[in-house]
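Close look at the chain arrangement
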Amino acid sequence: MTRILMFFFLFLTTCSKGHENTQLHDLKSVSRTLSVEVAPYVSINTEKILLTGALIYTGDGSPPLNDYSILIEGSRITALGPNEDVAAPRGALVIKLSGKTIMPGIVGMHNHTHMPGVTLMNYTAPRLYLAGGVTTIATAGSADPIGELQIAKAIAAGNAPGPRIFPSAPYITGPGGNGPMQKLKGEAEARAFVNSWADKGVRWFKLYRHTDPQIAKVVIDQAHRRGLKVTGHLCSITYRQAALMGIDKIEHGLNPASDFAKNKPDGKCVPSRVPKAALDPNGPELGALIDLLVANGVTLTSTLAILETGFPHRPQADQRSLDALAPSHVQTYRERQIRLAASVGTTSSTPEYWDMLLTFERNFVDAGGHLVAGPDTGRHIVPGFGDQRNFELLVEAGFSVQETIKIMTHNGAMTLGIGDDVGLIKAGYQADFLVIDGDLATDPSIIRKLDTVFRMGFGFDPNRLIEDTKGQVGEGE
């Protein structure tokens, strides 16, 4: 509460930092009411806002728009058009954004509210996701589902800052799986589990590495009967099996796929990286798997940010991530880096295997596959910052900036069933978008330089959100 009160006295209803050309169209601009928990982080709070001068990526995969304006009224975008066609209505705040980029808010599709060491980051995770430009998340497995449901409700009610949350049930696994996860026994127990958590309000179920295939099929069928969806971090179940069962989404790209493990026993999780690494990235085996996934409408989640942490030749934590982590996690990071550096030449985490992971995702999309993204927080991957790193890595994988934006915004919204309301810069859509300081087309890394994050028409200051969480990520909350 002390932190909240300190920021409350800093609260401004209009934004001056970073918007030198801001002006009030007249003196009757109307602010909207904000709770004391949210108000300290909002730098723009005006009923009508006209944004001009920015490079605008609409989120549909098309090239950016120049000399266009966006009109926001309340929580909605009410107009998008050439500057001369979109006039500022009476009472509007006009913000000129020359040299900046606008894109839809990120829709994160593997964005936990927990990480090893803490089952619920109820304070830091929502703030940092929003600070990183993530305006909607699906959590892809929960370590504290009741707490996560409470966070989602508080944000929806305007009593906490953060993204819209699509919460998950507890993880489902099987014999040999992690102790705290659910190890369902039999069809009746599996159906009851799905029904119980559906009644509580979760939107997703997640199958983890040791799930029995028969239990998985029951969970998928029952979730679909309840209008809900199932994802999986698979191993005991191959991608082929999961696709034929009707799974909605598979996590971590190609990395966990056990389809190519030699003599794999049915329903058993076995090491699979070495046989995959021996495949031709553009060869018929992986091509056939991609075709199967596409034909069965399986969405694939790219989590390149967390996967990168296992490759010693790749960049690791940046300073802002270390600044966000609790001291004990910084020490754990430093110890891990020593072990990672010593692993060169002794593991399959090679540059060639990394390139295979990137190629698989690019080939999946080229074949008509539906790719979404999320960071899978943990190790040094921090909420929000990890999503921004995903953006950079997808561009590195060969996707254009506009393709990457579509993957990370509208594709996620479509998977969540809200694609007619979120994920595009378009008249009638919710005003969830990012103002970035620079031109994404010339330098994807400026995704880190967020000027303002708009969520439901309110402009949040990412720096305030970040400052209020420094040194706290991963400690008890």
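See the structure printed just above.
The paragraphs below set out a description of the structure included in this document. All of these numbers come straight from a predicted model, not from anything done at the bench.

Take the sheet that holds strand 9 (residues 106-108) next. The strand order across the open sheet built from three strands is 9-10-11, with neighbouring strands paired in parallel fashion. Unpaired on one side and paired on the other, strand 9 and strand 11 (164-166) mark the two borders of the sheet. On average, adjacent strands in this sheet sit at an angle of 15 degrees to one another, irrespective of strand direction. Looking at chain direction, strand 10 (residues 134-138) and strand 11 are connected through three bridges and run parallel. Paired with Ala 138 across the bridge in strand 11 is Phe 166.

Another point: the nonpolar core. Formed by 105 residues in total, the largest nonpolar core has its most connected members in Phe 205, Val 219 and Leu 440. Considering each element in turn, this core owes the most residues, seven residues, to helix 12 (residues 351-366). Once you skip the residues sitting within four places of it in the chain, Val 219 turns out to touch Ile 172, Leu 184, Ala 190, Val 194, Phe 205, Leu 207 and Val 230.

This part covers the packing of aromatic side chains. Per the counting criterion, the structure on display carries five aromatic pairs. Geometrically, the ring pair formed by Phe 311 and Trp 354 is edge-to-face, given 5.3 Å between the ring centres and 65 degrees between the ring planes. With Phe 311 in the loop between helix 9 (304-308) and helix 10 (319-324) and Trp 354 in helix 12, this pair connects stretches of sequence that are 43 residues apart. Each of the two residues, Phe 311 as well as Trp 354, counts as buried. Aromatic pair Phe 433 and Phe 454: ring centres 4.6 Å apart, planes at 20 degrees, arrangement stacked. Of this pair, Phe 433 sits in strand 19 (residues 433-436) while Phe 454 is found in strand 20 (residues 450-455), placing the two residues 21 residues apart along the sequence. With relative accessibility at 0%, the residue Phe 433 sits in the buried group. The ring centre of Tyr 123 lies 3.6 Å from the NZ or CZ of Arg 127, which sits over that ring.

A word on the packing of helix 8 (residues 284-295) against helix 12. Running from N to C, helix 8 and helix 12 point in directions that differ by 45 degrees, and their axes come no closer than 10 Å. On the basis of the axis angle, helix 8 is oblique to helix 12. Along this stretch, helix 8 crosses helix 12, giving a crossing that reads as right-handed. Contact with helix 8, carried on its side by Leu 286, Leu 289, Ile 290, Leu 293 and Val 294, involves Met 356, Phe 360, Asn 363 and Phe 364 of helix 12 and no other residues of that element. Along the lines of polarity and charge, the residues of the contact of helix 8 with helix 12 split into eight nonpolar, one polar and no charged.

Here the focus is unusual backbone geometry. Located in the positive-phi region is Asn 263, a residue other than glycine, with phi close to 55 degrees. Residue position: Asn 263 is located in the loop between strand 16 (249-250) and helix 7 (273-277). Accessibility expressed as a relative area gives 77% for Asn 263, which makes it exposed. Positive phi, normally seen in glycine, also occurs at Arg 379, with a value near 55 degrees. Inspection of the secondary structure puts Arg 379 in the loop between strand 18 (371-373) and helix 13 (385-396).

Turning next to the pattern of salt bridges. For the coordinates displayed, the defined rule picks out 17 salt bridges. Glu 308 is the salt-bridge partner of Arg 389, the closest N and O atoms lying 2.8 Å from each other. In this pair, Arg 389 is assigned in helix 13 and Glu 308 in helix 9, connecting sequence segments 81 residues apart. For Arg 389, a relative accessible area of 18% puts it in the buried group.

Criteria and thresholds
- Residues numbered from 1 in each chain as written.
- Predicted model: local features only at pLDDT ≥ 70, side-chain atom pairs only at ≥ 80, totals over all residues.
- Heavy atoms only, no water.
- Pairing = 2+ DSSP bridges.
- Helix = DSSP H or I, 4+ residues; strand = E, 2+ residues; numbered from the N terminus.
- Axes fitted to C-alpha atoms, helices over the stretch in contact; angles between N-to-C directions.
- Core = buried A, V, L, I, M, F, W, Y, C linked by side-chain atoms within 4.5 Å.
- Buried < 20%, exposed > 50% of the residue type's maximum accessible area, 1.4 Å probe, protein only.
- Contact = heavy atoms within 4.5 Å.
- Phe/Tyr/Trp six-rings, centres within 6.5 Å; stacked < 30°, edge-to-face > 60°.
- Lys NZ or Arg CZ within 6 Å of the ring centre and 35° of its normal.
- Parallel < 35°, antiparallel > 145°, perpendicular 65-115°, else oblique.
- Left-handed = near helix turned anticlockwise from the far one by under 90°.
- Nonpolar A, V, L, I, M, F, W, Y, C, P; charged D, E, K, R; others polar.
- Salt bridge = Lys/Arg side-chain N within 4 Å of Asp/Glu carboxyl O.

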